[in-house]
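Architecture at a glance
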Amino acid sequence: MTASLTVADVMHKPAVVVPDIITLAQASVILDAANVGAAAVLDSQGRLIGMVSERDLLRSVGHGVDPAITKVDEVMTKDPVTVSVSDTVEHGLEVFRERRFRHLPVMDGDKVAGILSIRHVVRVAHIEEVQPAGSAPPGLAPRGLEGVAVAETSVGDVRGEEGFFHYRGYNATELARRCSFEQVWHLLSEGELPDDAQLKAFTRLAVEARSIPEQVADLLPKIASLPGYTPLMALRSAVSLAGAALEQQPTLDIPADEVRRECLKMAAIVPVLLMRLHRHHLGLPPVEPDPDLGYAGSYIQMLTGQRPHDREIRALEQYLILTMDHGFNSSTFTARVITSTGSDIGSALTGAIGALAGPLHGGAPSRALAMLDAIGTPDKAEAYLRHEISSGERLMGFGHRVYKTDDPRSTLLREVATELGGAQAEFAVQVERTALRVLNELKPGRRLYTNVEFYAGVVMNSVGIPPDMFTPTFASSRTVGWTAAIAEQAANNRLIRPSALYVGPQPPRALPEGYGAALKSAELAR
Ligand code: ACO
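What follows is about the nonpolar core. The biggest cluster of nonpolar side chains holds 108 residues, and the ones touching the most others in it are Tyr167, Trp185, Leu235, Leu273, Met324, Phe454 and Ile465. Of the residues forming this core, the biggest block, 13 residues, is contributed by helix H12 (residues 256–281). Among all residues touching Met324, those that are not within four sequence positions of it are Tyr167, Phe181, Val184, Trp185, Leu188, Ser477, Arg478, Val480 and Gly481. Val7, Val83, Val106 and Val122 belong to the second-largest nonpolar core, a separate cluster that totals 16 residues.

Following this line, the structure appears as structure tokens:
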């Protein structure tokens, strides 16, 4: 990014400002008319005291406040971080990256001169990074690519500030409340919710697709007995073998229909591979999937060998639907990068599982459950949680990179856990309440809420899934999201090949005197 561009060159001007005493409804009219996402809030003396964004308005309304009577100063971000008209765009990007805002007020002295949106900055970064082939990139995207849109997708999205995520436009939590796994799977893979006939046909195909190639079945006991066995490592290897046994071709060479067929096959066999590996590892015979059970029911049945109760099936099904997809996360991005090379679906899924296996991505459902075990009883919760936070530890199942409000998945999973009932769910609710209070007190302003992992462990434990299979269960449902992303990438492909900013010694470097000669004589001596 060119250092010569200043914030003043790209900001929205004149600044959209609102007085602190107007209502949310009035503020939303002003934002709408100006077609901006946020406005600076001024007090009666015209001093900047806050920022209010569309997301603040949406979130507040979502939390039940009345926009006709609630004042802007009740929901705004107080004492906002600002940038100056003379700051470079690079500096603006740095502030967005570090502070994770989407809009910043731009000051000219003590006056608000404009509003800088992350979109302005990213757009400039993007335009400047599309350089003629071979030239060095003049700028650098944020290290974690936060705020950088790298593809278009119609699979789904996450709106962290609003506590909302969706699949193909449908609220994902509503889908989890009202639909079956197969209905949502169809939505993600075929693009639309199925009617009855489509669902019947799709379910039949999905059940038929559960058969695994014989050569792969024969190799599973060997994988399950490797010394460094972990369920995800084993799944990654088995998926790779399955791709080869099914003779998968590069996605570049096959039509879209075949890509989708292979995607369905892989998503259908992942739970079968997982459960076979798990049982082999325990020295137990595999359990064939029951064709009369749907995805969620057969998942538990293949694990335990028992036919589960309907309420257990439904609880797991809701968890599985909630975790099918979640925006452009690391493993989905990995799957898309591999697909963009034209490679086969097995390779893309193997890479995605590898990405999910990382502790920064695969989450911590078993750790959240372990924390509940470590606390033991409700009377010990407060002291334990205070001690953890004061010693610099993080409470497992709290905080999220994207959600700065309730994680909608945790809200539904709390309901699912409490409906399943039991002492553990009751205890979790008590611990959650204490944890939120203590976090608010000891980490003020950090916006730490319960994340998906806190109740995920409780729900999975209640339906009989052992802790070492929590993250693999997440991988199983996420395969549906991965395959939707793979099919989307393959259907409209362009090789993903970014650049890096070289920061090593100044090239070209001279080789040390006599270096080549030493190599030559070593070769001759061989
Ligand atoms: N407990 C206590 N404090 C926390 C927690 C937590 N769970 N999460 C964040 N904080 C604090 C940090 O200590 C930091 O405080 P400081 O400003 O005093 O230094 C502040 O909040 C901001 O922390 P960041 O590291 O910037 O937050 P980030 O967005 O990078 O972290 C993460 C997100 C990794 C999920 C974090 O909240 C965390 O470690 N949570 C616990 C582990 C967990 O639950 N993981 C599962 C996540 S969901 C998933 O993966 C599907």
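Attention shifts here to the pairing of strand S8 (residues 156–159). Covered by surrounding structure in S8 are Gly156 and Val158 only, the residues Asp157 and Arg159 on the alternate face being uncovered. As paired strands, S8 and strand S9 (residues 164–167) are joined by 4 bridges and run antiparallel to one another. Within S9, the residue paired with Val158 across the bridge is Phe165. Hairpin connection, S8 to S9: the antiparallel pair is bridged by 4 residues, and Gly163 has positive phi, about 65 degrees.

Scanning all chains against the criterion turns up 19 salt bridges. When the shortest N-O distance is used, the salt bridge between Arg47 and Asp43 registers 3.0 Å. Residue classification places Asp43 among the buried positions, given a relative accessible area of 15%. Two residues, Arg437 and Glu382, come together in a salt bridge whose shortest N-O distance is 2.9 Å. Remark: Glu382 occurs in helix H18 (residues 378–390) and Arg437 occurs in helix H20 (residues 423–442); sequence separation between them is 55 residues. Exposure remark for Arg437: the relative accessible area of 44% places this residue in the partly exposed category. Accessibility expressed as a relative area gives 26% for Glu382, which makes it partly exposed.

How each quantity is defined
- Residues numbered from 1 in each chain as written.
- Predicted model: local features only at pLDDT ≥ 70, side-chain atom pairs only at ≥ 80, totals over all residues.
- Heavy atoms only, no water.
- Core = buried A, V, L, I, M, F, W, Y, C linked by side-chain atoms within 4.5 Å.
- Buried < 20%, exposed > 50% of the residue type's maximum accessible area, 1.4 Å probe, protein only.
- Helix = DSSP H or I, 4+ residues; strand = E, 2+ residues; numbered from the N terminus.
- Contact = heavy atoms within 4.5 Å.
- Pairing = 2+ DSSP bridges.
- Salt bridge = Lys/Arg side-chain N within 4 Å of Asp/Glu carboxyl O.

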